[in-house]
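Coordinates in review
The primary structure of each chain is shown beneath.
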Amino acid sequence: MTKLLQSAIGNRQLAIENVFSMNSARIEIDLGPRSYPIAIGNNLLPVLGKILRSHGMRQADAFIITNPQVGGLYFDRVRAALEAAEFRRVVRHDIPASEEGKNWDEFSSTCAALLKAFPDTGSVPLVILLGGGVVGDLGGFAAGVFRRGVPFVQMPTTLLAAVDSSVGGKVAVNFGGVKNIMGIFNQPRLVVCDLDLLSTLDPREVRSGTSEIIKYGGVCSASLFEQLERGDLEKLLALDPTVLTDIVAQCVALKARVVEQDEFDKKGIRNVLNFGHTIGHGLELSADYALTHGEAIAIGMIAATRLAVKLGVCPQSFLDRLQKLIERAGLPISFADQPGLFDRVVRAMQMDKKFRDGKNVFVLPTTVGAWQQVENVDWALVHEVVRSVLH
Ligand SMILES: NC(=O)c1ccc[n+]([C@@H]2O[C@H](COP(=O)([O-])OP(=O)(O)OC[C@H]3O[C@@H](n4cnc5c(N)ncnc54)[C@H](O)[C@@H]3O)[C@@H](O)[C@H]2O)c1
Ligand SMILES: O=C(O)C(=O)C[C@@H](O)[C@H](O)[C@H](O)COP(=O)(O)O
Ligand SMILES: [Zn+2]
């Protein structure tokens, strides 16, 4: 598995196509008829309408899914940019901010709002997802089922969404106490990532985004991991424009190369992007929204790496380096235990979509920038590492 991934990413991992100025990048994800570009740069919001038109989007109307916080900051400017490009009607729909909003009821309300605004085929809107991973995941799902699918554009506004959730087409909501269990694969037509929008993020959300970046370095790219270790992590946390553009572009390129090989998560290759997510997702849900996704994944990466060390597939030195980086990012490596939490985490973990035929499946690092999938791990060892992050 490791070899497959490495040979396919190979030297292409940093090949960012068509860099058109120092602080901007354009990366293509090649998925045949579902291919699309990811535009990363500054000052893109004011020209959003022009960008959409220049990418062939001719819709008369737009339906913006956002939340009160992000919409409050940016919706008026988005509307102005669209109206300047002759969008006739720009409808706004808000979902609640944060993970609590990523549920079936909000998904259903979003579908109802789409139908109310566009009750007939007279106009099929362009759906624009203005927000973080919650807006992107829920909105991409709604766009995928309304009229059996209408085109949508991702406009990520968190660091996490910029480097991960806006690309790759996994869209879903949580349901029945399971993360992302109701969803589909649905690729956007375009991703417009205006890095200026990250300047209003709460520092906790910036830290949260670095978790997925450390994930990419940890299992996909030794050079990215070392770059973070050398001091770019702190520049990233400070949203240094040059480092930010470079690292967002690297992560997007890494994700694009993985998704190109396994768009529908069927071959095991895409599992690499799930490093830290088996235990992390279990914890994220069981902690009742006390942890952000990135925080839960940071703890999940520590637990998974401890498991890898126990299984003898990864040296202790990698665990030490990973832990140092996670701590430097201001991310947690454990979570306060509560009565019943361990059982809830283990139950939630057992719903992991990677598990097959009752066998557990773990994505484990083997050395910096490489990984291996291990199946059927002794549950006693798994329980040990879960307990190790709850205290
Ligand atoms: N589909 C995928 O491939 C994928 C990948 C990674 C994560 N995810 C999902 O993404 C979600 C987490 O996404 P997230 O970390 O972006 O969280 P989020 O969407 O909840 O956003 C975090 C917070 O930041 C606020 N915010 C967003 N942009 C802002 C801005 N520019 N200025 C000020 N505040 C802003 C939001 O209102 C929210 O309160 C999880 O549900 C996770 O499962 C999906
Ligand atoms: O794109 C992917 O594939 C990922 O696994 C990226 C993850 O960071 C993300 O959290 C994803 O939503 C997890 O997917 P899931 O299939 O485990 O729900
Ligand atoms: Zn994730």
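Residues numbered from 1 in each chain as written. Chains lettered and ligands numbered in written order. Predicted model: local features only at pLDDT ≥ 70, side-chain atom pairs only at ≥ 80, totals over all residues.

Considering the UniProt feature "domain: 3-dehydroquinate synthase C-terminal" (unreviewed entry) in the protein
The sites that UniProt annotates as "domain: 3-dehydroquinate synthase C-terminal" (unreviewed entry) are residues 209–354. Here residues 209–354 runs as 68% helix and 0% strand, with 23 Å between its end C-alpha atoms. (UniProt positions renumbered as here; feature names shortened; annotations may be inferred. Helix = DSSP H or I, 4+ residues; strand = E, 2+ residues; numbered from the N terminus.)

So, the site of ligand 1
Neighbouring residues of ligand 1: 32 residues in total, closest G132, G133, T157, T158 and S165. Elements represented by at least two residues in the shell around ligand 1 include exactly α3 (68–84), α5 (133–145), α6 (159–165), α7 (203–220) and α11 (293–310). The residue inventory of the shell around ligand 1, partitioned by class, reads 10 nonpolar, 16 polar and 6 charged. Taken domain by domain, the makeup of the shell around ligand 1 includes at least three residues from each of domain 1 (31–201) and domain 2 (213–388). (Near = placed C-beta within 6 Å. Nonpolar A, V, L, I, M, F, W, Y, C, P; charged D, E, K, R; others polar. Domains from an automatic or database assignment.)

Some points on the domain arrangement of the protein
Quoted interface sizes are often the accessible area lost when the parts come together. Each assigned domain of the protein is listed with its residue range as follows: domain 1 (31–201) and domain 2 (213–388). Between the C-alpha centres of domain 1 and domain 2 there is a distance of 26 Å. Listed by contribution, the elements that provide at least two residues to the side of domain 1 that touches domain 2 are β2 (36–41), α6 and β8 (178–185). Counted by class, the side of domain 1 that touches domain 2 contains 13 nonpolar, 7 polar and 4 charged residues.

As for the sheet that holds strand β9 (residues 190–194)
Hydrogen bonds between backbone atoms are what pair the strands of a sheet, whose relative direction is either parallel or antiparallel. Here we have 7 strands laid out as an open sheet, ordered β1-β2-β9-β6-β5-β3-β4, and mixed in their pairing. Two strands bound the open sheet, and with one partner strand each, they are β1 (25–29) and β4 (89–94). Averaged over all neighbouring strand pairs, the angle between strand axes comes to 15°, with direction disregarded. Here strand β6 (residues 152–156) runs beside β9; their pairing, made up of 2 bridges, is parallel. Across the sheet, Q154 pairs through a bridge with V191, a residue of β9. Of the strands in this sheet, β1, β2 and β9 touch helix α9 (residues 241–261), which is tilted by about 10° from β1. (Pairing = 2+ DSSP bridges. Axes fitted to C-alpha atoms, helices over the stretch in contact; angles between N-to-C directions. Contact = placed C-beta atoms within 7 Å.)

Describing the site of ligand 2
Inspection of the region around ligand 2 gives D164, G168, K170, K179, N180, E212, R270, L273, N274, H277 and K353 as its neighbouring residues. Classifying every residue of the shell around ligand 2 by side-chain character gives 1 nonpolar, 4 polar and 6 charged. Taken domain by domain, the makeup of the shell around ligand 2 includes at least three residues from each of domain 1 (31–201) and domain 2 (213–388).

Here's the deal with the UniProt feature "binding site: NAD(+)" (unreviewed entry) in the protein
When the UniProt feature table is mapped onto this chain numbering, "binding site: NAD(+)" (unreviewed entry) sits at G133, V134, V135, G136, D137, T157, T158, K170 and K179. Along the polypeptide, D137 turns up in helix α5. In contact with D137, other than residues within four places in its own chain, are K102, S165, V171, A172 and V173.

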